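Commentary on secondary and tertiary structure
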Amino acid sequence: QVQLVEAGGGLVQAGGSLRLSCAASGRTDSTYAMAWFRQAPGKQREYVAGITSGGMTDYARSVKGRFTISRDSAKNTGYLQMNSLKPEDTAVYYCAARYGNIWSAANKYDYWGQGTQVTVSS
């Protein structure tokens, strides 16, 4: 079992930045892939970015060039640096983990955090 706890959400103006963190505990041998998803009101949960245990990264087209995913295996913590934020980035952001490769499908992930709200004002 892996427990995930997100932090770092908040309210920011358009064009601003936020850094989300995802602390993992429990079975943390760091061989899991980690991803960020987001869900806006009335919309389906969507993939944002993923990172493998080896550090390979992948991004959704909507955030590529603005968001950066990273992880510190020694601290069992993942991060999502979000720059040039837009109002359409407003959502609850979830951290997820799975043993194996990155998938963009939410149903491939076994472990989820509780989510953190990100609100971008125009």
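First things first, this report covers the structure right here in the doc.

Scoring rules and cut-offs
- Residues numbered from 1 in each chain as written.
- Predicted model: local features only at pLDDT ≥ 70, side-chain atom pairs only at ≥ 80, totals over all residues.
- Heavy atoms only, no water.
- Core = buried A, V, L, I, M, F, W, Y, C linked by side-chain atoms within 4.5 Å.
- Buried < 20%, exposed > 50% of the residue type's maximum accessible area, 1.4 Å probe, protein only.
- Helix = DSSP H or I, 4+ residues; strand = E, 2+ residues; numbered from the N terminus.
- Contact = heavy atoms within 4.5 Å.
- Polar contact = N/O pair within 3.5 Å; in protein donor to acceptor, adjacent residues only side chain to side chain.
- Pairing = 2+ DSSP bridges.
- Axes fitted to C-alpha atoms, helices over the stretch in contact; angles between N-to-C directions.

**Here's the deal with the nonpolar core**
Of all hydrophobic cores here, the largest spans 34 residues; its most connected members are Leu4, Trp36, Val48, Phe67, Leu80, Met82 and Tyr93. Every element with two or more residues in this core is listed here: strand E1 (2-7), strand E3 (18-26), strand E4 (32-39), strand E5 (46-51), strand E7 (67-72), strand E8 (77-82), strand E9 (91-99) and strand E11 (116-121). Not counting residues within four places of it along the chain, the set of residues in contact with leucine 80 comprises Leu18, Arg19, Leu20, Trp36, Val48, Ala49, Phe67, Thr68, Ile69 and Tyr93.

**Regarding the environment of glutamine 117**
Among the secondary structure elements, glutamine 117 is positioned in strand E11. We classify glutamine 117 as partly exposed; its relative accessible area is 39%. Separated by 77 residues in sequence, glutamine 117 and alanine 40 place their C-alpha atoms 9.6 Å apart. Among all residues touching glutamine 117, those that are not within four sequence positions of it are Gly9, Gly10, Thr90, Ala91 and Val92. Polar side-chain contacts of glutamine 117 include one of 3.3 Å to the side chain of threonine 119.

**Section: the sheet that holds E1**
Spatially, the four strands line up as an open sheet ordered E1-E3-E8-E7, and their pairing is antiparallel. Looking at strand neighbours, the two that pair on one side only are E1 and E7, the edges of this open sheet. In this sheet, neighbouring strand axes are inclined to one another by 15 degrees on average, regardless of whether the strands run parallel or antiparallel. Summarising the sheet, E7 and E8 pair through six bridges and their orientation is antiparallel. Bridging from a neighbouring strand, threonine 68 pairs with glutamine 81 of E8.

Honestly, that's just the spatial picture; any functional story needs more than this.
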